[in-house]
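As a plain string of letters, each chain reads:
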Amino acid sequence: MSEPRDEVDVIPVGAAQWPLIEGLFQFYVYDFSEMEPVQSAEFDVDPRGRFGDYPYIDSDWSEPARIPLVIRWRGRPAGFALLNDHSHSGLTADHNMAEFFVMRKYRRQGVASAAVRQILVRYPGLWEAAVAARNTAARAFWPRAVTATPGVRDLTILEGDGVRWTGPILRFTVDP
């Protein structure tokens, strides 16, 4: 029997698939809400019970460096990744993992790691992946997932400056 990680596909999508990413984005923000102090107004829902929409939606379809991807397991939506060329370190980068989400039911099954490998191999070059300081699970996940990807070299982990970013910033190169 195959492992869950063997049945992962990462698919570039167009604007017609935005409702799927938008729906999954609600769960993504919900997961972040548990990391926010209760007295903070960040990650609160609106009067309809929804978190805010992704602020760069229009840019994802108009800027070539922005690449929206859907992660599927056996054809079923399991998450998303949104790439761009923004740098949290202030240095140049070809690609940045702007947002990455895998639904809880697919976590700890190898699905997220398989998705990261597919993404990095498909888009070689100089990468950044910034991890929020308060996201302890992601802080453990990202270095493992990156170093397990074939063709990755020169991994350095910088600490954000507290202005552009608070938390570790992984910088690495993926060879074609």
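Structural notes, computed from the coordinates. In this text the structure is predicted, and so the values were computed from the model without any measurement.

1. Examining helix 4 (residues 136-147)
Argument step 1. Within helix 4, burial applies to Ala138, Phe141, Trp142, Ala145 and Val146. Along helix 4, the residues classed as buried sweep out an arc of 110° about the axis, all on the same side. Facing away from the buried surface of helix 4 by more than 90 degrees, the exposed residues are Thr136, Arg144 and Thr147.
Argument step 2. The inward-facing, buried residues of helix 4 abut strand 4 (95-102), helix 3 (111-122), strand 5 (125-130), strand 6 (152-159) and strand 7 (168-174).

2. Observations regarding the side chain of aspartate 31
Argument step 1. Along the chain, aspartate 31 falls in helix 1 (residues 18-33).
Argument step 2. With relative accessibility at 10%, the residue aspartate 31 sits in the buried group.
Argument step 3. In terms of polar contacts, aspartate 31 uses its side chain to reach the side chain of arginine 104, at 2.8 Å.
Argument step 4. Aside from chain neighbours lying at most four places away, what touches aspartate 31 is Phe101, Arg104 and Arg107.

3. Topic: the sheet that holds strand 6
Argument step 1. The seven strands are arranged 1-2-3-4-5-7-6 in an open sheet whose pairing can be described as mixed. Of all the strands in the sheet, just strand 1 (8-12) and strand 6 have a single pairing partner and so form its edges. The sheet shows a mean angle of 25° between the axes of neighbouring strands, taken without regard to direction.
Argument step 2. Bridge analysis of strand 3 (residues 76-84) against strand 4 gives six bridges, and the strand direction is antiparallel. Residue pairing for strand 4: leucine 82 is matched across the bridge by glutamate 99.

Here is what the cut-offs are and how they apply
Residues numbered from 1 in each chain as written. Predicted model: local features only at pLDDT ≥ 70, side-chain atom pairs only at ≥ 80, totals over all residues. Heavy atoms only, no water. Buried < 20%, exposed > 50% of the residue type's maximum accessible area, 1.4 Å probe, protein only. Helix = DSSP H or I, 4+ residues; strand = E, 2+ residues; numbered from the N terminus. Arc of directions from axis to C-beta. Contact = heavy atoms within 4.5 Å. Polar contact = N/O pair within 3.5 Å; in protein donor to acceptor, adjacent residues only side chain to side chain. Pairing = 2+ DSSP bridges. Axes fitted to C-alpha atoms, helices over the stretch in contact; angles between N-to-C directions.

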